Structure formats: structure tokens, C-alpha cells
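Tertiary structure, described
Single-letter residue listing:
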Amino acid sequence: MKYTDSEDRRKAPNGGKTIKSRLLRVIGSADTGQVAALLDGLWASGRFVVQRAPRCGLIMCTVSDPFDTPFHLGEVLVSQAEVRCDGQPGCGVVCGDAPEQALLLAAVEAAELRGCAEMLASVGDAVRRLEQTKQEHAARLSRLAAATRVRFDSMKKERVDFDSLGESCE
Amino acid sequence: MGYVAVKGGAAAIENAEQFSMIRRAGGASELLKPDQIREQLHFAVDRVMSEGSLYAPELAALAFKQSAGDTLEAAFILRSYRTTLPRLGYGAPMNTDDMRPIRRISAAFKDIPGGQLLGPTPDYTLRLLDFDLQDESPDHTRRMMARLFKDTESIDPLPERFPKVVDMLRREGLLVPRPSAGGNDDRLVDITRQALTFPAPRSAQLQTLARGETGGMLALAYSNMRGYGSVHPVIGELRVGYLPLRYPNPVTGEVETVGDMLVTEAEVISRIGETDGPARFSLGYGLCFGHNETKAIAMAVLDRAVATGEPATPSEDQEFVLTHVDGIESMGFCNHYKLPHYVTFQSELDRLRNIQAGQSKREEIRS
């Protein structure tokens, strides 16, 4: 189902991205203790109710081949949880057996949809730190991969027209 | 001869299980932790996930430990575990254009847009035993990593996406529009829910191959490449990278990226396709969980091989290929012969004795 009325309330200053969507991108790098501490902070407000305890399940991953024929590649283990904030439901789904991560995502979503972004200050701080760490890590790995780029020395240059890919190579 | 019901062996089975555990863990060395397996034996973990058809690196590492390094058993354990979990739903259809590659090579063109990235691979090094690993020091590894990170500090990070090499061939009209396997059956079927029937739709074919056993697929693809078939592949592009998993949020309906999966993709260009129209190259496609280049290439070769109009060899026969590549099925069938076949063998024995007795009698009469 599509939500409409709460959409405006979720608009965040950070490029229009919600804290939930930013958290989702980095939560894999958070350690268990960090996630537990953030959850404890939210639970302390007394405004959250766990609607559905975290459970593991499977998502079938669907991919298209180069001929645009979709097929199922296989299943992925995920954790899912549902939390209500003052009655507003929120859902967290994340890859792996990560019950606390799923709970945190659900709680953050519920709070944002309820329009209680002020409750999420500590989560926002943690997200910023995780984003920075993840960005540094990703850039380091990307540079490692870039260092394996092959530079060919050849007697004669190969001419291939790659214009159709938006780039010409010589 | 009648059937005789027997039971027993429970104590022996329990003791055999304990003995097996002692063989794995009863030595003098430190016990392996699943984390160590996941990080340091990642090719094995990837293989188990791919053949078990479940992307769960932690569980695959645990299964590999439990099976003492037997990838077939580990995939079996993982696939069994999968049956205990609910299916929450289907991910939003993805295109591998969204893959964030860490390795990307082409054997068709030297200079490809974005360049050839060797990535993490031992492909171009000699297969010599490295005795230094016998006593590998964590400090030495850390120092080496620090130096490597420092040396690469000035290099620009890679872009998030790269154009696909075969797209260029397609736009030039040099590729067949689609393979002929499964006719024009574009149905999206799920072979974990629907029995495989033949000719199988292309989606069923790719799903079956994606969870196939590496060794079995390699043997069939190798037979084809060696001459028992007609595929002479050129690797248009081979990629290893991270693919986002997108899933619609049950509350908001918004499609979210809930994680990344490491996958390997191979696109092989084969000889001129069998079409009624202009001459074109044909394409075989391989995609699997984890970093497993041999499997992805073998899958692409088989995908192309079964598209042959009139199959002349086993590897060109869709039914033959798809019914023999599953590791758990084939391993299970092979190993079921270890189970008691006392009744069937007694029956065979009786028959043989009767035949021999009859032959002796006839010989006596003749003499």
C-alpha cells in the first residue's frame, strides 16, 4: 500500500532522505552494542510498542537477464520487525539475521511517519558517524579496485567505436 | 522371499555422529569460528550460498564448519534450513546494470569504457605453494594492508556503475534479440514452488542453473567447449560486484534497498546465432551468488548450449542439463545407494542363484 498523508512529514533536510533510508544504507556497519544502545534510548520514551517481534524470513531475489527476461536468482535471508510509535506502524527489513537492526529500523520509520523526528536526534548522530565510516571504507576499497585497472602498452592502438555506450575509446 | 521388518542401529548412529564430531573438532588445533571461515574461506562460503540457493554468509560459514568442509553437504544443510523459514515476499526486479563492480574484465575487447579491472583475483599469479602462510602473522598482514591503502590514496575511486560491453554489440545489431531456449516462453516461474516441466521457460532454466553445482555444471560445459557441442565462448564481460536487494516496505509500499549481495555475472558471446534474419552473435548468460567465476562462465556456456535448435549432445539438451546440475539432488541420489538395499539385493541374489541352478541342470541333462 502507498502512503500519502505522511509523506510530507517524513521529508528530511538531508537531500530529502529520511533518517530511516539513510540508516538502512549504513546499519550493516553498526555493531550490536551501538544498535542496542540506540534502541534503549528510543524505548525509554515509552511511546513505542513492538507490534511484531523480529523474525527471520526469505526474500526471493528477482533479476533480469540481458534480454530483459526476469528470473529468480535465489533467496536472501532477511530480518523483519514491526513497531508502533503512538499507534503509527513502522516496518524494518534488513539483510541477514539481525533482529535488533530490524527493530531499530522499524522504530525509526514509525517515529518519522508519526512526525516525531525530534526523538531521533541520537539516531541521526549515529547515522552521520556511520555514513562517514562507511564512506571512508567504501572509498578505500574502491581505490584498491581502481589500482587493479589495466593499462595496456601496445604497438598499435585498438580502435573500437563505443559511441553507442556514450563513450569513445581509442 | 517375504519382507522382514527390522529396526535398530540408533545407538550406533549416535556414536557415529559423535565420532564424526571428534574427527572435525577433536584435534590439537584451535577450533574454527564461523567468522574466520566467512572472512578467510570466502570462496567456499560463496559456493555454499550459491548451491544452497540462499544468500546468508554467516549461516553458510556455519554449515561449512558443520560439514567439515564438504561443500555439497554444507549446501544441503543450508537448503534444509531454508525450508524452515517463511517466504516474506519477492524482491523488486533488478537489473545488473546497478551492480557496483570490484572486478570487471572482457576477453572480447582490450579497451572497454571504464577499463578492465582485475579486482581481487589470483588468476594471474603462479600456482605455487606459499609456505609463508604456514605461519602468517596478523601484524605483517596489517602492515601490508596499511601500506597498500597508503599507496592507493591518490587514486580516484571507481564510479558506481559501468556501461556493459554487450550493450554495444546489441545496439549495433550484432546480437541475437533473445535466445531460443524455452521458445518464447517469458513466464516468470519459481522452481521452488512449481515443478520443472520441459521445455522449461527461460526463467526456470536460469533459476535452475543459478543454484546448480559448480563441478557438475563445469563438467557439462567443458564437454561442450571441448567439442561435444558447438559453443566456443568469448567472454564479453565478466563482473564480480555488489547488487542491491530491493524490497517493497510492507507499511509504506516504498521500494527500499535492504542490503547488498556479492554476485558474479558472465556474458559469453558465441558463434553466429541460428536466426532466420541477418547473421548475429548469440549470447549466453550466467549469474550466481558470491564470487564464483567458474560457475558463472559454465552457466553462461550451458545457457547458450541449450539454445541450440537441434540438440546433438547431452550439454545441448535442456532437459538433460537442467535435471542433472543440482548438487543436492545428484549427491543425494548417489549417496542413497549407501542406505540398506538388503531386500532388493536379496531378490537379485535369489534370481541369480535360480538362473545358475537352472543352467547346471541343463548342463547335466546335456551331458
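Residues numbered from 1 in each chain as written. Chains lettered and ligands numbered in written order. Predicted model: local features only at pLDDT ≥ 70, side-chain atom pairs only at ≥ 80, totals over all residues.

1. Here's the deal with the overall build of chain B
The secondary structure content of chain B amounts to 13 helices and seven strands. Seen along its three principal axes, the alpha-carbon backbone of chain B occupies a region of about 90 × 65 × 55 Å. Taken across its 367 residues, chain B has 40% of its residues classed as buried. Within chain B, counting contacts between residues at least 6 apart in sequence, those at least 24 apart form 63% of the total. (Helix = DSSP H or I, 4+ residues; strand = E, 2+ residues; numbered from the N terminus. Buried ≥ 20, exposed ≤ 12 C-beta atoms within 10 Å, placed from the backbone. Contact = placed C-beta atoms within 7 Å.)

2. Some words on the overall build of chain A
Secondary structure assignment for chain A yields five helices and three strands. Listed N to C, the secondary structure of chain A is α-α-α-β-β-β-α-α in terms of helices and strands. The buried share of chain A, reckoned over its 170 residues, is 39%.

3. Details of the nonpolar core
Of all hydrophobic cores here, the largest spans 113 residues; its most connected members are V76 and A107 of chain A together with A60, M299 and L302 of chain B. Ranked by the residues each element gives to this core, the list is headed by helix α4 (residues 99–114) of chain A, at 10 residues. When residues of this core are sorted by domain, at least three fall in each of domain 1 (11–82) and domain 2 (96–111 + 165–327) of chain B. If we ignore the near neighbours within four places in the chain, the residues touching L302 of chain B are L209, M217, L220, A221, S315 and V321 of chain B. Ranked by size, the runner-up nonpolar core spans six residues in total, among them L144 and A145 of chain A together with L117 and L158 of chain B. (Core = buried A, V, L, I, M, F, W, Y, C linked by C-beta atoms within 7 Å. Domains from an automatic or database assignment.)

4. Observations concerning the domain arrangement of chain B
All names here are of chain B. Here chain B is described as being made up of domain 1 (11–82) and domain 2 (96–111 + 165–327). Averaged C-alpha coordinates put domain 1 and domain 2 at centres separated by 28 Å. Tallying the contact residues gives 11 residues for domain 1 and 11 residues for domain 2. Mapped onto the side of domain 1 that touches domain 2, the elements with two or more residues apiece are α3 (42–52) and α5 (71–82). Residues that form the side of domain 1 that touches domain 2 fall into these classes: five nonpolar, three polar and three charged. (Nonpolar A, V, L, I, M, F, W, Y, C, P; charged D, E, K, R; others polar.)

5. Some words on unusual backbone geometry
Note: most residues except glycine have negative phi, and most peptide bonds are trans. In the segment running from F198 of chain B into P199 of chain B, the intervening peptide bond is cis, with an omega of -5 degrees. Locating P199 of chain B in the fold gives a position in the loop between α7 (165–171) and α8 (202–210). Backbone geometry at D86 of chain A places phi at a positive 50 degrees, although glycine is not the residue there. Along the chain, D86 of chain A turns up in the loop between β2 (70–85) and β3 (88–95).

6. Here's the deal with the pairing of strand β1 (residues 48–64) of chain A
Two strands pair when backbone bridges link them, and β1 of chain A and β2 of chain A are joined in this way by 14 bridges, in the antiparallel orientation. Residue pairing for β2 of chain A: V50 of chain A is matched across the bridge by V83 of chain A. Where β1 of chain A folds back onto β2 of chain A in an antiparallel hairpin, the turn is made up of five residues, including D68 of chain A, whose phi is positive at roughly 65 degrees. Both β1 of chain A and strand β2 (residues 87–90) of chain B contribute to a ladder of three bridges, which runs parallel. When the bridges of β2 of chain B are listed, M60 of chain A appears paired with Y90 of chain B. (Pairing = 2+ DSSP bridges.)

7. Overview of the interface of chain B and chain A
Listed as interface residues are 69 residues of chain B and, on the opposing side, 58 residues of chain A. It is strand β6 (residues 255–272) of chain B that contributes the most residues to the side of chain B that touches chain A, six residues altogether. Tallied by class, residues from the side of chain B that touches chain A come to 37 nonpolar, 16 polar and 16 charged. Pairing of β1 of chain A with strand β3 (residues 94–95) of chain B involves two bridges; the strand directions are parallel. Each bridged residue has a counterpart across the sheet, and for S64 of chain A the counterpart in β3 of chain B is N95 of chain B.

8. Side note on the packing of helix α2 (residues 19–26) of chain A against helix α5 (residues 121–146) of chain A
All names here are of chain A. Packing of α2 against α5 brings their axes to within 9 Å, and their N-to-C directions diverge by 40 degrees. Here α5 runs oblique to α2, going by the angle between their axes. By crossing handedness, the relation of α2 to α5 is classed as left-handed. Every residue of α5 that contacts α2 at I19, R22, L23 and V26 is listed here: V123, G124, V127, L130, E131 and K134. (Axes fitted to C-alpha atoms, helices over the stretch in contact; angles between N-to-C directions. Parallel < 35°, antiparallel > 145°, perpendicular 65-115°, else oblique. Left-handed = near helix turned anticlockwise from the far one by under 90°.)

9. Let's talk about the confidence of the model for chain B
Counting all residues, the mean pLDDT for chain B is 92, and 96% of those residues have values of 70 or more. Both scores are available for the predicted complex, with the pTM at 0.91 and the ipTM at 0.92. (pLDDT = per-residue confidence, 0-100.)

10. Details of the packing of α3 of chain B against helix α4 (residues 57–66) of chain B
Residues and elements named next belong to chain B. α4 packs onto α3 with a crossing angle of 105 degrees between their chain directions and a minimal axis gap of 9 Å. Classed by the angle they form, the pair α3 and α4 counts as roughly perpendicular. Of the residues in α4, those in contact with A44, V45, V48, M49 and G52 of α3 are P57, A60, A61, A63 and F64. Grouping the constituent residues of the contact of α3 with α4 by class yields nine nonpolar, one polar and no charged.

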